[in-house]
Amino acid sequence: MENKRKSDRKKIVVTTVVRKIMPNGDCAIWEFKSKDLSLGGIFICAEDLSLFDLGEDIEILVDYNGNKYYEGKAQAVRSAKVFTGEGEQVESGYGLMFLTPDTEFKDMLTEKLKEKT
């Protein structure tokens, strides 16, 4: 599988709140934990891979210890289920690409990712 990422991922667990407007106009809100983070996006752990369509734009808030990392738009660019050789599921979730990161967020995230090297 081709890797299209422009930046390295680091294993950082943060809380991600996702807000999605449903077809009937209602708003659905979910809270996820991340598996990893990069300058380009975040991978959130989710059992239900029917929540978002690939290519769908959603609103997210990424929070770590009460500090807001990112609040803005993201796009679901990947869904994945990973299994062991014995067929046991070890991971499931979505890759979300940040669509509107500002300079302050990018600078802060660059520093945070350096800490995890």
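Look up: the structure comes first, before these words.
Criteria and cut-off values
- Starting afresh in each chain, residues are numbered from 1 along the sequence in its written order.
- Selection of residues for local features in this predicted model requires a pLDDT of at least 70, selection of side-chain atom pairs for listing and counting requires 80 or more, and totals for whole chains, interfaces and linings are taken over all residues.
- With hydrogens and water excluded, all non-hydrogen atoms of the structure serve as input to the side-chain values.
- Comment: elements are numbered from the N terminus, with helices defined as DSSP H or I runs of at least four residues and strands as E runs of at least two.
- Put simply, the radius of gyration uses C-alpha atoms, and a globule should come to 2.2 Å times the residue count raised to 0.38.
- Remark: exposure states derive from per-residue accessible area (1.4 Å probe, protein chains only) relative to the maximum for the residue type, with buried under 20%, exposed over 50%, and partly exposed in between.
- Here, residues are in contact when the closest pair of their heavy atoms is within 4.5 Å.
- Counting rule for charge: Lys and Arg are taken as positive, Asp and Glu as negative, and neither His nor the chain ends is counted.
- The atom standing in for a charge is NZ when the residue is Lys, CZ when it is Arg, CG when it is Asp and CD when it is Glu.
- Any Lys or Arg side-chain nitrogen located within 4 Å of an Asp or Glu carboxyl oxygen qualifies as a salt bridge.
- Within the patch definition used here, like charges are joined within 9 Å and nonpolar side chains (Val, Leu, Ile, Met, Phe, Trp, Tyr) within 5 Å, considering only residues with over 30% relative accessible area and no salt bridge.
- A 1.4 Å probe and the Shrake-Rupley method give the accessible areas. Residues count as covered only by the protein chains that appear here.
- Side-chain atoms within 4.5 Å are what join buried Ala, Val, Leu, Ile, Met, Phe, Trp, Tyr and Cys residues into a set we call a nonpolar core.
- We call two N or O atoms a polar contact when they sit within 3.5 Å, provided that within protein one can donate a hydrogen and the other can accept it, with sequence-adjacent residues counted only if both atoms are side-chain atoms.
- Here the rule is simple: two strands pair whenever DSSP picks up at least two bridges between them.

**Overview of the overall build of the protein**
Scanning the protein for helices and strands turns up one helix and six strands. Reading the secondary structure of the protein in the N-to-C direction produces β-β-β-β-β-β-α. Compactness check: the protein gives a C-alpha radius of gyration of 14 Å against a globular reference of 13 Å for 117 residues, within 12% of the reference. Considering the protein as a whole, with its 117 residues, one finds that 35% of them fall into the buried category. Within the protein, contacts between residues separated by at least 24 positions form 55% of all contacts whose residues are at least 6 apart in sequence. The positive charge centre, built from 18 side chains, and the negative charge centre, built from 21, are 4 Å apart in the protein.

**Some points on the pattern of salt bridges**
Applying the stated rule across the entire model yields eight salt bridges. Note that Asp-36 is salt-bridged to Arg-9, the shortest N-O span being 3.4 Å. With Asp-36 in strand β2 (residues 27-37) and Arg-9 in the segment before β1 (15-21), the pair connects residues that are 27 residues apart, well separated along the chain. Residues participating in the shared-partner salt-bridge network are Arg-9, Lys-35, Asp-36 and Glu-91.

**Quick word on a nonpolar patch on the surface**
Taken together, the side chains of Val-77, Met-97 and Leu-99 present a nonpolar region at the surface, about 220 Å² in accessible area. Within the fold, Leu-99 resides in the loop between β6 (89-98) and α1 (103-115). Taking the relative accessible area as the measure of exposure, Leu-99 reaches 35% and is therefore partly exposed.

**So, the environment of Glu-86**
Mapped onto the elements, Glu-86 comes out in the loop between β5 (67-83) and β6. Here the alpha-carbon distance between Glu-86 and Phe-52, two residues 34 residues apart in the chain, equals 28 Å.

**Some words on the nonpolar core**
Residues Ile-42, Ile-44, Phe-52, Ile-60, Val-62, Leu-96 and Phe-98 are the most contacted members of the largest nonpolar core, which totals 23 residues. Within the residue set of this core, elements represented by two or more residues are β2, β3 (41-45), β4 (57-64), β5, β6 and α1. Broken down by element, the residue count for this core peaks at four residues, all from β5. Residues within four places of Val-62 in sequence aside, it is in contact with Val-14, Thr-15, Thr-16, Ile-42, Asn-67, Lys-68, Tyr-69, Tyr-70 and Phe-98.

**Considerations on the side chain of Glu-91**
Tracing the backbone through its elements, the reader meets Glu-91 in strand β6. In this structure the side chain of Glu-91 is engaged in a polar contact, spanning 3.3 Å, whose partner is the side chain of Lys-35. Leaving out residues up to four positions away in the same chain, Glu-91 has contacts with Lys-35, Phe-43, Ala-80, Lys-81 and Val-82.

**Side note on the pairing of β6**
Side-chain direction in a regular strand flips from residue to residue, so the side chains alternate between the two faces of the sheet. A large share of β6 lies buried, amounting to seven of its 10 residues. Bridge analysis of β3 against β6 gives five bridges, and the strand direction is antiparallel. Looking at the pairing, Ile-42 lines up with Leu-96 of β6. Inspection of the sheet shows β5 paired to β6 by nine bridges, in the antiparallel sense. In the strand pairing of β6, Lys-81 is matched with Ser-92. In this structure, the hairpin formed by β5 and β6 is closed by a connection of five residues, where Gly-87 is found at a positive phi of approximately 90 degrees.

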